[in-house]
Amino acid sequence: MIEKLITYAIRNKLIVGLFMLAWIGWGIWSFTQLSIDAIPDITDNQVRVVTTSPTLATQEVEQFVTYPVELTMANLPGVEEMRSVSKMGLSIVTIVFEDDMGTYKPRQLVSEQLQAAREDIPEMFGSPILMPITTGLGEIYQYSLVVDDEYKDEYDITELRTIQDWIVRRQLSGVDGIVEINSTGGNVKQYEVAVNPENLRSMDLTLNDVMEALKRNNRNVGGSYVEKGPEAIFIRGEGLAENLDDLRKIVVDTQNKTPILVGDIAEVGFGHAVRYGAMTRNGEGEAVGGQALMLKGENSDAVIENVKERINEIQAS
């Protein structure tokens, strides 16, 4: 067999030469498609389930959140290992699957069991969710929002965080190879209603009355449509609060034919969510920025170039 192969190669030098050139060309092309990274990603095939429960201590998180999640995931096929971490207000369950199961099948299996886990977790104790399809080496790009010197007085860290969450983050989310954009630093802007207890008591109202009024009067609803000849007029009820005055004018109750507004019993203003950390830049004080997380298995070199191109486009906005 080997003699015939050698004889054929000697007699058909052109065919063998073309075959070798094609083989070399294919090898060069394959080399250019290799993923480039600083260090190899040896993360095992794992799926993480995270649940946040800000009101629970570590023991309650373990008892009411972590244990039910572990119990529902215990019988999944292909599971090699399962470990968990319970902290104050946070539960992290890591399920490690066999490598040959791929990336998406384990996530599908875990997603199907999450509904059962949610039913076992008491209401108001949090809802478990899946972490993005990335690894510990997926944080491939960091950036910060820097204001020109002539405009520094016009933007504080709250405004910069709003720009990051509503402009920069949304435009970066569509980049090929990026699975998530995490925001860091600044204050997450909130509308806050600070109820005056004395005013509330004098009106014979409770805090729940105020909360229910805010829920009922801060939404848009549809009202079907009315046909008029060849046209259809769509009916909408617009009640979404767009500014502080809209919140102040919400009716909580009516007493003696006089409406009691939120502004009569509370101070309405801007605030921010509870902070658990901060970001600084070049020792100049607080800053706002973000991290781009790469989809597991992607080419980090190509993805970083895609992010840089999108960053240049975002600069214009």
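Our subject is the structure that appears above.
First things first, this report covers the structure right here in the doc.

### Section: the nonpolar core
Judged by nonpolar contacts, the single largest core of 18 residues is most densely connected at Tyr 141, Tyr 143, Leu 172, Ile 178 and Val 307. Within the residue set of this core, elements represented by two or more residues are β5 (139-144), α5 (157-172), β6 (178-184), β13 (289-294) and α10 (300-315). With four residues, the top contributor of residues to this core is α10. Setting aside residues up to four positions removed in sequence, Ile 178 forms contacts with Ile 140, Leu 172, Ser 173, Ala 292, Leu 293, Met 294, Val 303 and Val 307. Ranked by size, the runner-up nonpolar core spans 17 residues in total, among them Val 49, Val 110, Ala 117 and Ile 121.

### Overview of the packing of helix α3 (residues 58-73) against helix α4 (residues 104-120)
One way to put it is that α3 packs onto α4 with a least axis distance of 9 Å and a crossing angle of 140 degrees. If you check the angle between α3 and α4, you find them oblique. As α3 packs across α4, the resulting crossing turns out to be right-handed. In this structure, α3 uses Pro 68, Val 69, Thr 72 and Met 73 to contact α4, whose residues at the interface are Val 110, Gln 113, Leu 114, Ala 116, Ala 117 and Asp 120.

### A closer look at the pairing of strand β11 (residues 258-261)
One ladder, built from four bridges, connects strand β10 (residues 251-255) with β11; its direction is antiparallel. What sits directly across from Val 251, in β11, is Leu 261.

### Describing the pattern of salt bridges
One pass over the structure, following the stated rule, counts seven salt bridges. Put simply, Arg 83 and Glu 81 hold a salt bridge, and the shortest N to O gap is 3.4 Å. Residue Arg 83 is classed as partly exposed on the basis of its relative accessible area of 34%. In this structure, Arg 236 and Glu 238 form a salt bridge, with 2.9 Å as the shortest nitrogen-oxygen distance. We classify Arg 236 as exposed; its relative accessible area is 55%. A residue is classified by how much of its surface remains accessible, and Glu 238, at 62% relative accessible area, is exposed.

### Re the sheet that holds strand β4 (residues 129-130)
Spatial strand order, β2-β3-β1-β4: four strands in an open sheet with antiparallel pairing. In this open sheet, the two edge strands, each paired with only one partner strand, are β2 (79-87) and β4. In this sheet, strand β3 (residues 90-97) lies alongside β2 in antiparallel orientation, the contact comprising eight bridges. Following the sheet pairing, Met 82 is matched in β3 by Ile 95. Set on the sheet, α3 makes contact with β1 (46-52), β2 and β3; between it and β2 the angle comes to about 165 degrees.

### Details of unusual backbone geometry
Its identity is not glycine, yet Met 124 carries a phi of approximately 75 degrees, on the positive side. Among the secondary structure elements, Met 124 is positioned in the loop between α4 and β4. By relative accessible area, which is 73% here, Met 124 ends up exposed. The residue Asn 282 is not glycine, and still its phi comes out positive at about 55 degrees.

### Observations concerning the layout of surface pockets
Here the largest pocket is characterised by a volume of approximately 570 Å³. Taken together, 18 residues make up the lining of the largest pocket; nearest its centre are Leu 145, Val 146, Ile 163, Val 168 and Gln 315. Listed by contribution, the elements that provide at least two residues to the lining of the largest pocket are β5, α5 and α10. Considering only enclosed or pocket space, the second largest pocket measures out at about 390 Å³ in volume. Residue assignment for the lining of the second largest pocket shows that the elements contributing at least two residues are β1 and β6. The greatest single-element share of the lining of the second largest pocket, amounting to three residues, is contributed by β1. The residue makeup of the lining of the second largest pocket, split by class, is five nonpolar, nine polar and six charged.

Definitions and limits used
- Residues numbered from 1 in each chain as written.
- Predicted model: local features only at pLDDT ≥ 70, side-chain atom pairs only at ≥ 80, totals over all residues.
- Heavy atoms only, no water.
- Core = buried A, V, L, I, M, F, W, Y, C linked by side-chain atoms within 4.5 Å.
- Buried < 20%, exposed > 50% of the residue type's maximum accessible area, 1.4 Å probe, protein only.
- Helix = DSSP H or I, 4+ residues; strand = E, 2+ residues; numbered from the N terminus.
- Contact = heavy atoms within 4.5 Å.
- Axes fitted to C-alpha atoms, helices over the stretch in contact; angles between N-to-C directions.
- Parallel < 35°, antiparallel > 145°, perpendicular 65-115°, else oblique.
- Left-handed = near helix turned anticlockwise from the far one by under 90°.
- Pairing = 2+ DSSP bridges.
- Salt bridge = Lys/Arg side-chain N within 4 Å of Asp/Glu carboxyl O.
- 1 Å grid on protein atoms, 1.4 Å probe; cavity = no way out; pocket = protein on both sides within 12 Å on 5 of 7 lines; lining within 4 Å.
- Points joined across faces, edges and corners; volume = space filled by probe spheres on them.
- Nonpolar A, V, L, I, M, F, W, Y, C, P; charged D, E, K, R; others polar.

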